[in-house]
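These are the residues of each chain, in order.
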Amino acid sequence: MKKSIGFLILALTYLQSFGVEPVVVPIVFTSGAPVVNLTLNGKTILFTLDTGSSRAFHLSKAAAKQFPELKYTGSKAKSFDLGGNMQESAEVFFDQLSVDGMKFGKTTGVTLTPWGLALGKGSQLDPELSILGLGFFDNKKVIIDYGSNTLTIADEDDTTIMQRVSGWSSVPFDKSDEGLVLVFTNDKANYRLVIDSPSTMSVVKTKVAEERDVVQPCDVNLGPKQTCRTISVSLQSGREIKPFLLDLPLKFAADGLVGQEFFFQYAIFLDITNHTVLLKSNTDCSTVPVTFRVRNVGFVSGQKVYVNGDQQALGNWDPTAVNQLKPDDNGASVTWSNTLYLPPATAIQFKYMKHDGSGYVWEADLSTNSGNRQARTQACGAPALVLDAVNFQ
């Protein structure tokens, strides 16, 4: 079964370990989807990371053309998305696969057939982007950490990765064709939910929630003919997650799925061969990313735009310790931006300033008590904060 709420899922493989250093690659969020850049047999391919898929990979047509060694079995793989639609994809395999220098054995996947159920605006994945699924990590040890934006892949016999996850909490799970299933609870009921890394929202079957729980109204645009309702669940002693009610097909056996809000709360260690899932709360961190953006600065040739404020990373109001912003184009109405790392859950004050070669020009005082722009940084594990100012004051 494949699926997607705002983002998709799929893939399967058999891997062999050859004892090399772990592969560590950045996770970059593109249009909200977690994307990783892997080098397969010397070719660089972008993948959406999708733990809700049982297959190893879904190669787009453009990606498949890069591999003359890719073989077709002649079989078709069938699956269903969350809209209940059946999809067919050609089954393919590599006799040998090298991923960023790590050797894999025979690796079986499928070609990409776009699928998925999109809720709300901007929730459809790029149909040309290949998919990396849970099956890719068979016989491997893996850490998925949205807090540090990294994916770590180690061979099954690697022992150093176990030192890194020492002290992490073990959680029971089931592995199904739909992915890894964890049990979430509240004081009314238990729910078996698939953990789905690309999904931008969590969902639960409407009928299941109505029969077991107290359903609450909510105010989120889920798309045409969708009424927003939700429940609250968590792992034992974990933080609250609020899945939306949705009519899922009967073929989908789990009670629903949890998406990125779960992955932002926890770093996840997977060793499926040894039936092990470990979690570490992302509540502990020293900094969080905050993006500063401002428009309508009144650009002139040679001008530079900065942000300064009351934190060390912001310059402590020292104009000689400013953080320069970068324009996305040329002209007076372009957007200037930069991402800085600040203490979590902290009230901050800041202003934008510009320099045209003759001196610094600060923004005028705003209507706040301090006269400065004010905000509060996000907590550890929460989605990145974007402070978007329409106008330079």
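Now for a description of the structure that goes with this document. In this text the structure is predicted, and so the values were computed from the model without any measurement.

Definitions and cut-offs
- Residues numbered from 1 in each chain as written.
- Predicted model: local features only at pLDDT ≥ 70, side-chain atom pairs only at ≥ 80, totals over all residues.
- Heavy atoms only, no water.
- Helix = DSSP H or I, 4+ residues; strand = E, 2+ residues; numbered from the N terminus.
- Buried < 20%, exposed > 50% of the residue type's maximum accessible area, 1.4 Å probe, protein only.
- Contact = heavy atoms within 4.5 Å.
- Areas by Shrake-Rupley, 256 points an atom, 1.4 Å probe, with all protein chains shown as cover.
- Pairing = 2+ DSSP bridges.
- Salt bridge = Lys/Arg side-chain N within 4 Å of Asp/Glu carboxyl O.
- Disulfide = S-S within 2.5 Å.
- Phe/Tyr/Trp six-rings, centres within 6.5 Å; stacked < 30°, edge-to-face > 60°.

### Re the overall build of the protein chain
Part 1: Counting its secondary structure elements, the protein chain contains four helices and 33 strands.
Part 2: Here the protein chain, with 393 residues, has 51% of them falling under the buried criterion.
Part 3: Residue pairs at least 24 apart in sequence account for 67% of intrachain contacts in the protein chain once pairs closer than 6 positions are excluded.
Part 4: Just so you have it, the protein chain exposes about 17600 Å², and 49% of that area is on carbon and sulfur atoms.

### Focus: the pairing of strand 4 (residues 43-50)
Part 1: In the sheet, strand 3 (residues 33-40) pairs with strand 4 via six bridges, with the strands oriented antiparallel. The residue of strand 4 that forms the bridge with Leu-40 is Lys-43.
Part 2: Hairpin connection from strand 3 to strand 4: two residues lie between these consecutive antiparallel strands, with Asn-41 at a positive phi of about 50°.
Part 3: Of the pairings in the sheet, the one linking strand 4 to strand 11 (residues 130-133) comprises four bridges and is parallel in character. For Thr-48, the partnering residue across the bridge sits in strand 11 and is Ile-131.

### Notes on the pattern of salt bridges
Part 1: Applying the stated rule across the entire model yields 10 salt bridges.
Part 2: Lys-242 serves as the salt-bridge partner of Glu-240, at 3.7 Å between the closest nitrogen and oxygen.
Part 3: Since its relative accessible area comes to 40%, Lys-242 is described here as partly exposed.
Part 4: Note that Arg-373 is salt-bridged to Glu-363, the shortest N-O span being 2.6 Å. Taken together, the residues Arg-373 in strand 32 (residues 373-376) and Glu-363 in the loop between strand 31 (360-362) and strand 32 connect sequence positions 10 residues apart. Exposure class is identical for Arg-373 and Glu-363. Each is buried.

### A closer look at the pairing of strand 29 (residues 335-342)
Part 1: Pairing of strand 25 (residues 288-295) with strand 29 involves eight bridges; the strand directions are antiparallel. Pairing of Pro-289 across the sheet is with Tyr-341, part of strand 29.

### Side note on the sheet that holds strand 12 (residues 140-145)
Part 1: Read from one edge to the other, the open sheet built from six strands follows the order 1-13-12-23-24-14, with strand pairing classed as antiparallel. At either end of the open sheet lies a strand with only one pairing partner, and these are strand 1 (23-26) and strand 14 (169-170).
Part 2: Inspection of the sheet shows strand 12 paired to strand 13 (residues 150-155) by six bridges, in the antiparallel sense. Paired with Val-142 across the two strands is Ile-153, which belongs to strand 13.

### Quick notes on the sheet that holds strand 28 (residues 326-327)
Part 1: Pairing is mixed across the open sheet formed by four strands, whose spatial order is 28-29-25-33. Two strands lie at the open edges of the sheet, namely strand 28 and strand 33 (385-389), each paired on one side alone.
Part 2: As judged from the two bridges shared by strand 28 and strand 29, these two strands associate in the antiparallel manner. Residue pairing across strands places Pro-327 opposite Trp-336, the latter belonging to strand 29.

### A look at the state of the cysteines
Part 1: Tallied over the entire structure, the rule returns one disulfide.
Part 2: Between the sulfur atoms of Cys-218 and its disulfide mate Cys-228 the distance is 1.8 Å. Taking the sign of the torsion about the S-S bond as the criterion, the disulfide between Cys-218 and Cys-228, at about -110°, is left-handed. Within this pair, whereas Cys-218 is found in the loop between strand 19 (216-217) and strand 20 (229-230), its partner Cys-228 is found in the loop between strand 19 and strand 20, the two being separated by 10 residues in sequence.
Part 3: Since its relative accessible area comes to 26%, Cys-218 is described here as partly exposed.
Part 4: When its relative accessible area of 7% is taken as the criterion, Cys-228 is described as buried.

### Considering the environment of Pro-114
Part 1: Following the sequence through the fold, Pro-114 ends up in the loop between strand 10 (107-111) and strand 11.
Part 2: For the pair formed by Pro-114 and Leu-129, sequence separation is 15 residues and the distance between their alpha carbons is 9.3 Å.

### Digging into the packing of aromatic side chains
Part 1: Throughout the structure, instances matching the rule amount to 15 aromatic pairs.
Part 2: Seen from their ring centres, Phe-29 and Tyr-146 are 5.0 Å apart, and the 85° between their planes marks the pair as edge-to-face. Placement of the pair is Phe-29 in strand 2 (residues 28-30) and Tyr-146 in the loop between strand 12 and strand 13, with a sequence separation of 117 residues.
Part 3: Overall, Phe-29 belongs to the partly exposed group, its relative accessible area being 29%.

Everything listed is a geometric property; what it means functionally is a separate question.
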